[in-house]
Amino acid sequence: MLHFHNTLTRSAEPFVPLDPEGKKVKVYTCGPTVYNHAHIGNFRAYLFEDLLQRHLEYRGFQVERVMNLTDVDDKTIRGAREKGVPLAEFTQPFKNAFFEDLTTLRIKPADAFPAATEPLHIARMIAMIAQLIATGHAYQADDQSVYFRIASFPRYGKLAHLNLDELRPSGRVSSDEYEKESIGDFALWKAHDVADGEVKWDSPWGPGRPGWHIECSAMATGMLGDRLDIHCGGVDNIFPHHEAEIAQTECCTGEKFVNLWMHCAHLMVDGRKMAKSFGNFYTLRDLLDKGWTGREVRYVLLSAHYRLPLNFTFEGLAGARSALQRLDAWQQRLADLAGTAQASTPPPAAAEDKFAAALDDDLNISAALGALFDLVRETNRAMDRNELSPKQARGLLDYWARLNTVLRLEPEAAAIPPEITALLAERTAARTAKDWAKSDILREALLQHGWLVKDTKEGTKVSCTKG
Ligand code: AMP
Ligand code: ZN
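Predicted model, so just to flag it, every value in this text is computed and none were measured.

1. Digging into the overall build of the protein
Working step 1: Each helix and strand in the protein was counted, giving 15 helices and 16 strands.
Working step 2: With the C-alpha coordinates of the protein rotated into their principal frame, the extents come out at 90 × 50 × 40 Å.
Working step 3: Considering the protein as a whole, with its 467 residues, one finds that 51% of them fall into the buried category.
Working step 4: Look at the contacts in the protein between residues 6 or more apart in sequence, and 74% of them connect residues 24 or more apart.
Working step 5: Looking at the protein as shown, the accessible area adds up to about 21,000 Å², and 52% of this sits on carbon and sulfur atoms.

2. Some words on the coordination of the zinc ion (ligand 2)
Working step 1: Surrounding the zinc ion (ligand 2) are the protein donor atoms C30 (SG), C216 (SG) and H241 (NE2), at 2.0 to 2.2 Å.
Working step 2: Classification of C216 by relative accessible area gives buried; the value is 1%.

3. With respect to the site of ligand 1
Working step 1: In the vicinity of ligand 1 lie 17 residues, with G41, D236, N237, L267 and M274 positioned nearest.
Working step 2: One nitrogen or oxygen atom from the main chain of M274 is found 2.8 Å from a nitrogen atom belonging to ligand 1.
Working step 3: Alone, ligand 1 offers 490 Å² of accessible surface; in the complex the protein occludes 92% of this.
Working step 4: Of all the elements, helix α1 (residues 40-58) adds the most residues to the shell around ligand 1, at 4 residues.
Working step 5: Here the residues of the shell around ligand 1 are counted per class, giving 6 nonpolar, 9 polar and 2 charged.

4. What about unusual backbone geometry?
Note: most peptide bonds trans; most residues except glycine with negative phi.
Working step 1: Here the bond from F239 into P240 is cis, since omega is 0°, no more than 30 degrees from zero.
Working step 2: Note that P240 resides in helix α7 (residues 238-253).
Working step 3: Of note in the backbone geometry, Q144 takes a positive phi value of approximately 75° without being a glycine.
Working step 4: Topologically, Q144 is positioned in the loop between β5 (138-140) and β6 (146-148).
Working step 5: At K434, a residue that is not glycine, the phi angle is positive and equals roughly 55°.
Working step 6: Following the sequence through the fold, K434 ends up in the loop between α14 (418-432) and α15 (436-448).

5. Quick notes on the sheet that holds strand β10 (residues 228-234)
Working step 1: Reading across the sheet, the 4 strands line up as β4-β3-β10-β11 and stay open at both edges, with parallel pairing between neighbours. Since the sheet does not close on itself, it has two edges, and those belong to β4 (62-67) and β11 (258-264), each with one partner. Averaged over all neighbouring strand pairs, the angle between strand axes comes to 25°, with direction disregarded.
Working step 2: Here strand β3 (residues 24-29) runs beside β4; their pairing, made up of 6 bridges, is parallel. Bridging from a neighbouring strand, V27 pairs with R65 of β4.
Working step 3: Packing against the sheet, helix α6 (residues 212-224) makes contact with β3, β4 and β10, and its axis sits at approximately 160° to β3.

6. Side note on the pairing of strand β8 (residues 185-191)
Working step 1: Summarising burial for β8: 7 of the 7 residues are buried, a large majority.
Working step 2: In this structure, β6 lies alongside β8, joined through 3 bridges in antiparallel fashion. Bridge pairing in β8 places Y147 opposite A187.
Working step 3: Sheet topology note: the strand β7 (residues 172-173)/β8 ladder contains 2 bridges and is parallel. Paired with R172 across the strands is D185, a residue of β8.
Working step 4: Here β8 pairs with strand β9 (residues 208-210) via 3 bridges, running antiparallel. Among the inter-strand pairings, K190 is bridged to a residue of β9, identified as R209.

7. Side note on the domain arrangement of the protein
Working step 1: Entries for the protein in the domain assignment read domain 1 (18-278), domain 2 (321-407) and domain 3 (418-464).
Working step 2: Here domain 1 and domain 3 have C-alpha centroids that lie 54 Å from each other.

8. Examining the sheet that holds strand β12 (residues 267-269)
Working step 1: Judged by pairing direction, the sheet is mixed, and its 3 strands sit side by side in the order β13-β12-β14 without closing on themselves. Edge strands, defined here as strands with exactly one partner in the open sheet, are β13 (272-273) and β14 (310-311).
Working step 2: Pairing geometry for β12 and β13, over 2 bridges, is antiparallel. Residue V269 lies in a different strand from β13, and its bridge partner there is R272.

9. Some thoughts on the packing of helix α4 (residues 119-134) against α7
Working step 1: Across the interface, α4 lies against α7 with an axial gap of 10 Å and an inter-helix angle of 75°. Compared by their axis directions, α4 and α7 come out roughly perpendicular. Facing α4, whose interface residues are M128, Q131 and L132, α7 presents Q248, T249, C251 and C252.
Working step 2: Among the residues making up the contact of α4 with α7, the classes are represented as 4 nonpolar, 3 polar and no charged.

Here is what the cut-offs are and how they apply
Residues numbered from 1 in each chain as written. Chains lettered and ligands numbered in written order. Predicted model: local features only at pLDDT ≥ 70, side-chain atom pairs only at ≥ 80, totals over all residues. Heavy atoms only, no water. Helix = DSSP H or I, 4+ residues; strand = E, 2+ residues; numbered from the N terminus. Buried < 20%, exposed > 50% of the residue type's maximum accessible area, 1.4 Å probe, protein only. Contact = heavy atoms within 4.5 Å. Areas by Shrake-Rupley, 256 points an atom, 1.4 Å probe, with all protein chains shown as cover. Donors = N, O, S within 2.8 Å, 3.2 Å for Na, K, Ca; no water. Near = heavy atom within 4 Å. Polar contact = N/O pair within 3.5 Å; in protein donor to acceptor, adjacent residues only side chain to side chain. Nonpolar A, V, L, I, M, F, W, Y, C, P; charged D, E, K, R; others polar. Pairing = 2+ DSSP bridges. Axes fitted to C-alpha atoms, helices over the stretch in contact; angles between N-to-C directions. Domains from an automatic or database assignment. Parallel < 35°, antiparallel > 145°, perpendicular 65-115°, else oblique.

Right, dumping it as structure tokens:
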């Protein structure tokens, strides 16, 4: 039985999908605000969601996931204005970069990536706001903007566990992000301001643009229906964003919006949240430029439990590199031993059960990786003693492939570049001529190019050492 920690109840709950057949799972994940390149803190959130989706699928659920792209909000408008280009022109390169980064990190794409500015979604936002006004949950203020009346929704504050009586909400907040101390009626529709330039849509309340929160309510319900199984994000989304999403959506639908709220803790740098505004961030591209691979970044961000803050360090990345080298060496050793063996003897069920059961327990990745590395150690020892058969090696490789539907930590299936093929041919010629010294020099040269050469009974084998 799967159990996940629900932010709403602050406890681990058994996971039961809304689907009466218990198969389909609807997941909404807040996506990036495309005003710059996402930093690896953002990717921590997307990787936790990736692990969640892949594990649910491993357990046989059919996941339908939507991730929105926030392509209109205070930040994107400011960015476009500073650059002096139209909003869509400003956000497009960041959307493209985001998809490239998802691929580099092996994150499974969502089924849909709706963008807030798509006419269909804008129309839905306007319809929801109109409904909220008609039912007394929203009002147009003197500044012509439309605000959600939080006093009309007694459950406001429940997700963030706030006590509204103590906080004494007063006034209104027009910015998308605000602190708990300045709690108040929040903007659903922002009346056009000169600073917004050309960014505006017509509405019953005059020209303007949607607030960030209504964007997600409209896209989530528009694409997945009134009720969702799981809604995810980073902990900074809990308040005000997700709190606002619940209020807006539930006042429109009269239904419980989300069954399970899951939030990942922050990626930190020296005890502080990694954030653009603090200037303490790395983008994925920064790390690739420094010679790290997407797989290494994936490992480092994935290998800590999602609810524990993770401190980002280069030692951590180096640790990921050596852990992956260990896994690669194990895989190579098993492949050498398995040779051409087709039939496979599966590893003891307990090993796989331990891995999956750990993830069933609120995605306990540390315990899951612990179980994997135990198996690596044991089977390496068995190979040292020549106690592992080719069929067992094949069984372990099959097992590793199954785990990698969740972990996606397998080495890159590297194509051998022509210059490497040439060096290999030269080395084979040297070996045929029994010129061992030259053969060794060439082996060293290949290694320096990142290719490990092994001479086995079946012939020379080559593998790429760069993940
Ligand atoms: P944003 O583009 O700021 O809306 O953030 C996109 C996602 O990344 C949200 O789910 C945030 O909660 C998450 N996020 C932002 N900063 C961090 C961080 N330092 N660690 C983990 N998640 C973060
Ligand atoms: Zn959102």
